[in-house]
Amino acid sequence: MRRLAVMALVPAMILLPGIRLGTLPLFTVFLASLLYLPLFRPALSLPQARLTLAVFCYFLLVCSRNALMPEGGLREIFYLCLPLAPLFLHAMVKDWFDHGHGRLTVMLLAALTMGNALVMLAQSLNLGGINQSLLPVWHFYAALTDSQPFLGQLDNRPFGLLSNPMTAGMVAYLAMRAAAVLSGRRWLVFLALPVMLLAASRMSLALFLAWEILLPLLLDKPRLRRLVLLGGAAAFVLVLLAFAGQAAPQLFIFQALATARSLDGLASDYSLVNRLDSLDWALGHLEKALGLGGLVTAEFSRRAMPVDSEFLLRSLQFGVTGYLLLVLLVYFPLRGLRNRDARFALVFMLAISLTNAAASNLLLLPFLSVYILAVRKRHPVAVPEQPPSPSKEPFPERTRIVTYSGFAQEARLP
């Protein structure tokens, strides 16, 4: 049964991540976890459950306050699922790993991610008029996260089946890094690079270059083999960028790089202007961000441009404390690990939160759960040794046998 659940739910993470009921998005895997827990009864981590309960109480207070505000409403109550999702998703995915389906989960997800990359390639080439003939399909996925504006630029910023280009890039990075960590084949992570280029997932791409190439060169021991491998990887990235720039100059990433060459271009860049405007607007509500939040959905909807930064958005809704608690809940299963693979999950969430959403993104959270469990499988936390059981000898522990002229006697140790 668990294997069937894996075979059904892992493809759903990409093929059917959710549906939209009016203005409310319903995410398939999160809803499935609510059924999975009573059906299979996976073991819940008691420390994680206690932390979740404490954070849930905080969110119950804040969300209830937001719902009772003049412009609030029932929608504010639905944010209570944010502190519950990490616990439920982690328990479900951990149950897959505990019953021997971890490798199947990761490899199936990696294969589906590469399949989505082929869909993105077809969109960028408008292969056989696919962008027009399958427009209702693309609209279904884009509507899940209100990403319909990207439908007009599928040929230069495709997203496949993953709702929007940024999500497509983030998912590819997490899925291929999970495969690389679990299998030990570190080169697999480089398969995410073409996807991030196609999608112009710029924050994911910047993190990839920093974490996978620059950081090892700066911090790892300068062994010749490692330097050669990393140098070859850097050369591969540069060649890929040069080739892609010549073969597909219409891609958004290359247009964005061309725009960034001048100050006038930067001043007209929508992403930069929007995020600076969001920051300026957030500073006008600084007391809410530093306190318990208080801005409701209606106030964000009135803005001409969306607040793309999860850090700003959740801080204004629930306070900086609320945002940090969400990050802590997702990262909590990796406590005790001090390696680079574990730290990547935290850095990924914090970096992505500047321009998108990770810790509170119910579409992305299942992928984060798979990555976190892949790291735990590859780097298990050492279990401390049990203290030795009391001695079964007939003499006390501080007693030894000494022999004088063949006679055994008891003598106390000093």
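Residues numbered from 1 in each chain as written. Predicted model: local features only at pLDDT ≥ 70, side-chain atom pairs only at ≥ 80, totals over all residues. Heavy atoms only, no water.

### Side note on the overall build of the chain
Looking only at helices and strands, the chain has 19 helices and four strands in total. For the chain, buried positions account for 50% of its 414 residues. Just so you have it, the chain exposes about 20,700 Å², and 67% of that area is on carbon and sulfur atoms. (Helix = DSSP H or I, 4+ residues; strand = E, 2+ residues; numbered from the N terminus. Buried < 20%, exposed > 50% of the residue type's maximum accessible area, 1.4 Å probe, protein only. Areas by Shrake-Rupley, 256 points an atom, 1.4 Å probe, with all protein chains shown as cover.)

### Looking at a nonpolar patch on the surface
On the surface, a nonpolar cluster with roughly 330 Å² of combined accessible area is contributed by Leu15, Leu16, Ile19 and Phe140. Assignment of secondary structure puts Leu16 in the loop between α1 (2-15) and β1 (18-21). (Patch = residues over 30% accessible without salt bridge, like charges linked within 9 Å, V, L, I, M, F, W, Y side chains within 5 Å. Salt bridge = Lys/Arg side-chain N within 4 Å of Asp/Glu carboxyl O.)

### Points about a positive patch on the surface
A contiguous patch of positive charge, built from Arg103, Arg185, Lys377 and Arg378, is present on the exposed surface. Within the secondary structure layout, Lys377 lies in helix α19 (residues 365-378). Residue class for Lys377 comes out exposed when judged on its relative accessible area of 53%. (Lys, Arg positive; Asp, Glu negative; His and termini not counted. Charge placed at Lys NZ, Arg CZ, Asp CG, Glu CD.)

### Concerning helix α10 (residues 202-219)
Counted at 1.5 Å a residue, the expected span for α10 with its 18 residues is 26 Å, and the 24 Å between its end C-alpha atoms agrees. The largest bend in α10 comes to about 30 degrees, at Trp211. Among the residues making up α10, those that are buried are Ser204, Leu205, Leu207, Phe208, Trp211, Glu212, Ile213 and Pro216. (Expected span 1.5 Å × (residues − 1). Bend = angle between axes of the 7 residues up to and from the residue.)

### Overview of the pairing of β1
Summarising the sheet, β1 and strand β2 (residues 24-27) pair through four bridges and their orientation is antiparallel. Bridging across to β2, Arg20 finds its partner in Pro25. (Pairing = 2+ DSSP bridges.)

### Quick word on the confidence of the model for the chain
Across the chain, the average pLDDT comes to 84, with 81% of residues at 70 or higher. Below a pLDDT of 50 lies the segment residues 391-414, which in the model reaches 24 contacts outside its immediate sequence neighbourhood of four places, other chains included. (pLDDT = per-residue confidence, 0-100. Contact = heavy atoms within 4.5 Å.)

### Overview of the nonpolar core
When a protein is soluble and globular, its nonpolar side chains tend to lie buried together. One finds Trp96, Phe159, Tyr173 and Phe348 to be the most contacted residues of the largest nonpolar core, which totals 109 residues. Residues within four places of Phe348 in sequence aside, it is in contact with Met170, Tyr173, Leu174, Leu207, Ala358, Leu364 and Leu368. With eight residues, the next largest nonpolar core counts Ala282, Ala289, Leu312 and Leu313 among its residues. (Core = buried A, V, L, I, M, F, W, Y, C linked by side-chain atoms within 4.5 Å.)

### Focus: the packing of α1 against helix α2 (residues 28-40)
The N-to-C vectors of α1 and α2 enclose an angle of 165 degrees; their axes lie 10 Å apart at closest approach. Considered as vectors, α1 and α2 are oriented roughly antiparallel to each other. Considering only the axes of α1 and α2, their crossing is left-handed. Along the contact surface, α1 presents Arg2, Ala5, Leu9, Ala12 and Met13, while α2 presents Thr28, Val29, Ala32, Tyr36 and Phe40. Tallied by class, the residues present in the contact of α1 with α2 amount to eight nonpolar, one polar and one charged. (Axes fitted to C-alpha atoms, helices over the stretch in contact; angles between N-to-C directions. Parallel < 35°, antiparallel > 145°, perpendicular 65-115°, else oblique. Left-handed = near helix turned anticlockwise from the far one by under 90°. Nonpolar A, V, L, I, M, F, W, Y, C, P; charged D, E, K, R; others polar.)

### Regarding the pattern of salt bridges
Under the counting rule described, the total for this entry stands at seven salt bridges. The salt bridge involving Arg177 is made with Glu212; its shortest N-O contact spans 2.7 Å. On the criterion of sequence distance, the pair formed by Arg177 in helix α8 (residues 165-183) and Glu212 in helix α10 is long-range, its members being 35 residues apart. The pair formed by Arg177 and Glu212 is uniform in burial state, with each residue classed as buried. We note a salt bridge from Arg177 to Asp341, for which the minimum N-O separation is 3.0 Å. A residue pair is termed long-range when its members are at least 10 positions apart, and Arg177 in helix α8 and Asp341 in helix α18 (residues 340-352) qualify at 164 residues. Among the ionic contacts, a cluster of salt bridges with common partners joins Arg177, Arg186, Glu212 and Asp341.

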